[in-house]
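# Geometric and topological summary
Take a look at the letters that make up each chain.
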Amino acid sequence: MFIVVAYDIVDDSKRNRLAKILCNFGERVQKSVFECEIEDQQYLRMRAAIEKEIDPEWDSVRYYFLCKRCKGNIRVSGLGAVLESEDLIIV
């Protein structure tokens, strides 16, 4: 599945820890936005790690699930590029 994760975290050190967590699951495309191409179990692990880190009274993390067709319609203006993942085949 392809997920865009966007976050607004008040505390600097917590925001840095969250970014490190997300680096294990996807690519940073903006300061507070990651694109993740992951399996269901990876999503559950990622979300659990994020929820341990954030304070739901102050912080916000949003998950946008994109279908293949929607992912193909991503456009970038300015700096950056649409990330292309290679299909992995394990024999």
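Computed from a predicted structure; not experimentally measured. (Residues numbered from 1 in each chain as written. Predicted model: local features only at pLDDT ≥ 70, side-chain atom pairs only at ≥ 80, totals over all residues. Heavy atoms only, no water.)

## Thoughts on the sheet that holds strand E2 (residues 27-30)
Taken in spatial order, the four strands make up an open sheet running E2-E3-E1-E4, and their pairing is antiparallel. Every interior strand has two partners, whereas the edge strands, E2 and strand E4 (60-66), have only one. Averaged over all pairs of adjacent strands, the angle between their axes in this sheet comes to 25°, without regard to strand direction. Sheet topology places strand E1 (residues 2-8) next to strand E3 (residues 33-37); five bridges connect them, and they run antiparallel. Paired with Val-5 across the bridge in E3 is Phe-34. (Pairing = 2+ DSSP bridges. Helix = DSSP H or I, 4+ residues; strand = E, 2+ residues; numbered from the N terminus. Axes fitted to C-alpha atoms, helices over the stretch in contact; angles between N-to-C directions.)

## As for the pattern of salt bridges
Within the structure shown, the criterion is met by five salt bridges. For Glu-53, the salt bridge is made with Arg-17, and the minimal N-O distance between the two is 2.5 Å. In this pair, Glu-53 is assigned in helix H2 (residues 40-53) and Arg-17 in helix H1 (residues 12-23), connecting sequence segments 36 residues apart. The exposure class assigned to Arg-17 is partly exposed, which follows from its relative accessible area of 39%. (Salt bridge = Lys/Arg side-chain N within 4 Å of Asp/Glu carboxyl O. Buried < 20%, exposed > 50% of the residue type's maximum accessible area, 1.4 Å probe, protein only.)

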